[in-house]
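Structural description and commentary
Residues per chain are reported as follows:
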Amino acid sequence: MSDWRETLAPISKSVSFVNKVKVLGCSCRIEATKMPSFRENRTSLLCAFDSGVINEEEFVLLYDINTAKSPDLPYWNYEHFDLDNLADDLCKTEFRFYKNDVYNLIEVLQLPDQFTCYNGLKIDVLEGFCMLLKRFAYPCRYLDMITRFARPVPQLCMASNLVMDYIYIAWGRLLTNLNQPWLSPVNLERFANAVFEKGAPLSNCIGFVDGTVRPVCKPGTNQRLLYNGHKKVHAIKFQSVAVPNGLVANLYGPVEGKRHDSYMLNQSDLYNQLVQYAVDTKGNVLCIYGADPAYPHRPQLQRPFQGPRITQDEKDWNTAMSKVRASVEWVFGDIINYFKFLDFKKNLKVQLSAVGKMYIVCALLQNARCCLYGSTTSEYFDIQPPSLVDYFI
């Protein structure tokens, strides 16, 4: 059999091929402005073969060339996505937000009306945003989302990644800078009072800092860089600061799983921001508490008493702070509980997908959930989170 290019050349140049594929009622004319899909090409080839434009040998060769290696899933058999057709409870189950809140969140995030993928595909903002929420809400494959969005896997992948990139670029700053209106001295003073009223010995503690280990799939290369000896997993790490209203106030990462919490503290510039912004309405110093003994002891950063000769009072102090700190750690767990895709490490493949970016975007989405619905932490400390408009500014 001759080379397929030699076979295809005379066919593609033939005017009769372009004109005669419109037979038997088939509208298969090749459009110059739009690249046809493999399925459309195969349909055109069937029409061309039936009308005698190409012979059997050419048909077999061209049909094989236009057959995708991946499964050809019949996405066209499903109804196009329409959020208004979904019940409110179903919407919250699949997307983690009620229907009206999805619309509000799109407006607050200032998402564009339409996303354009690198191949020219245009996705409506509502559909693209729901693709992202559906992807992260629970461990699922893109092919599992076909029944909901009636789109092929490549389009689902491109659209969800494009929306994720936009949110990360536009709003990632909210997790790296403590100079936010909702972290004003008045609110910080309320945080300190709430923590103290729950039994903390510190009267000026506004939040808690801790390192978070997120397991990932075992990489093919650089395994030692990602291996965390304490947890015995390959992972990436983040440094999170949680406050009593249930929000993540600061998030640094990702870094290699082998890194220590003290390394992240030094690299994050968190302490310098605390020196500048962690003050109450009278100018008094406020602090955060870190349970890791490796943290340095500073006015803005407190840690437990340590050593073999600590007194009973110091032990009681450690115990009281540990109890209050445990309640704020619920904030870290909420990110994983509501966006469970992050907990399926076999699909978190470093160098193949933006694993760190996924966690940061999900932290922003969880903060949005807390602003809308509150959280266990905010109820425990009786501190209401800010509204969506006050947070995303």
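1. Topic: the packing of aromatic side chains
One pass over the structure, following the stated rule, counts 18 aromatic pairs. Centre to centre, the rings of Y391 and F392 are 4.8 Å apart; their planes meet at 85 degrees, and the pair counts as edge-to-face. Three or more aromatic residues joined by ring pairs make a cluster, and in this case those are W171, W182, Y391 and F392. We note K92 situated over the ring of Y373; from NZ or CZ to the ring centre the distance is 4.6 Å.

2. Some words on the pattern of salt bridges
Counted under the stated rule, the structure contains nine salt bridges. Between D210 and R325 there is a salt bridge, with its nearest N and O atoms 2.9 Å apart. Placement of D210 in strand β3 (residues 205-215) and of R325 in helix α14 (residues 312-328) is noted, with a sequence separation of 115 residues between them. Assessed through its relative accessible area of 14%, R325 is described here as buried. Through salt bridges with shared partners, one network takes in E94, K134 and R148.

3. Notes on helix α4 (residues 56-65)
Three or more residues of α4 are buried, namely E58, F59, L61 and L62. Where α4 starts, the residue carrying a side-chain oxygen 3.2 Å from the main-chain nitrogen of E57 turns out to be N55.

4. Focus: α14
Taking 1.5 Å per residue as the helical rise, α14 with its 17 residues ought to reach 24 Å, and the 25 Å between its terminal C-alpha atoms agrees with that figure. Within the sequence span of α14, burial applies to W317, N318, A320, M321, V324, R325, S327 and V328. Check the buried side of α14 and you find it contacts α10 (185-197), β3, β5 (233-242), β7 (287-290), α15 (330-338) and α17 (376-381).

5. Overview of the pairing of β7
Along any regular strand the residues' side chains alternate between the sheet's two faces. Every second residue of β7 is oriented toward a common face, with C287 and Y289 on one face and I288 and G290 on the other, all of them buried. Judged from the four bridges that link them, β3 and β7 form a sheet pairing that is parallel. The residue bridging C205 from the neighbouring strand is C287, located in β7. Across two bridges, β7 lies against strand β8 (residues 301-302) in parallel orientation. The partner of Y289 across the bridge, within β8, is Q302.

6. Thoughts on the layout of surface pockets
Its boundaries defined by the atoms lining it, the largest pocket holds a volume of some 1000 Å³. S37, F38, Y75, P152 and P154 are, among the 27 residues lining the largest pocket, the residues nearest its centre. If you list the elements that add at least two residues to the lining of the largest pocket, you get α3 (38-51) and α9 (153-171). At five residues, α3 tops the list of elements feeding residues into the lining of the largest pocket. Split by residue class, the lining of the largest pocket holds 16 nonpolar, five polar and six charged. Taken as a whole, the second largest pocket holds about 360 Å³ of empty space. Looking at the second largest pocket, it is lined by 17 residues, and the ones nearest its centre are D210, G211, T212, V213 and K231.

7. Topic: empty space enclosed by the protein
With the rule as written, the count across this model stands at three cavities of 30 Å³ or more. Approximately 100 Å³ is the volume found for the largest cavity. For the largest cavity, the full set of lining residues is L178, L183, L188, I206, V241, V243, A249, L274, Y277, A278 and I288.

8. Some points on the packing of α14 against α15
Across the interface, α14 lies against α15 with an axial gap of 5 Å and an inter-helix angle of 25 degrees. It follows from the interaxial angle that α14 and α15 lie roughly parallel. Here A326, S327 and V328 of α14 come into contact with α15, specifically with W330, V331 and F332. Taken together, the residues of the contact of α14 with α15 sort by class into five nonpolar, one polar and no charged.

9. Examining the side chain of D210
On the basis of relative accessible area, D210 is assigned to the buried category, the value being 15%. In terms of polar contacts, D210 uses its side chain to reach the side chain of R325, at 2.9 Å. If we skip the residues at most four places from it in the chain, D210 touches F238, Q239, S240, D261, Y295, R325, E329 and F332.

Calculation criteria
Residues numbered from 1 in each chain as written. Predicted model: local features only at pLDDT ≥ 70, side-chain atom pairs only at ≥ 80, totals over all residues. Heavy atoms only, no water. Phe/Tyr/Trp six-rings, centres within 6.5 Å; stacked < 30°, edge-to-face > 60°. Lys NZ or Arg CZ within 6 Å of the ring centre and 35° of its normal. Salt bridge = Lys/Arg side-chain N within 4 Å of Asp/Glu carboxyl O. Helix = DSSP H or I, 4+ residues; strand = E, 2+ residues; numbered from the N terminus. Buried < 20%, exposed > 50% of the residue type's maximum accessible area, 1.4 Å probe, protein only. Polar contact = N/O pair within 3.5 Å; in protein donor to acceptor, adjacent residues only side chain to side chain. Expected span 1.5 Å × (residues − 1). Contact = heavy atoms within 4.5 Å. Pairing = 2+ DSSP bridges. 1 Å grid on protein atoms, 1.4 Å probe; cavity = no way out; pocket = protein on both sides within 12 Å on 5 of 7 lines; lining within 4 Å. Points joined across faces, edges and corners; volume = space filled by probe spheres on them. Nonpolar A, V, L, I, M, F, W, Y, C, P; charged D, E, K, R; others polar. Axes fitted to C-alpha atoms, helices over the stretch in contact; angles between N-to-C directions. Parallel < 35°, antiparallel > 145°, perpendicular 65-115°, else oblique.

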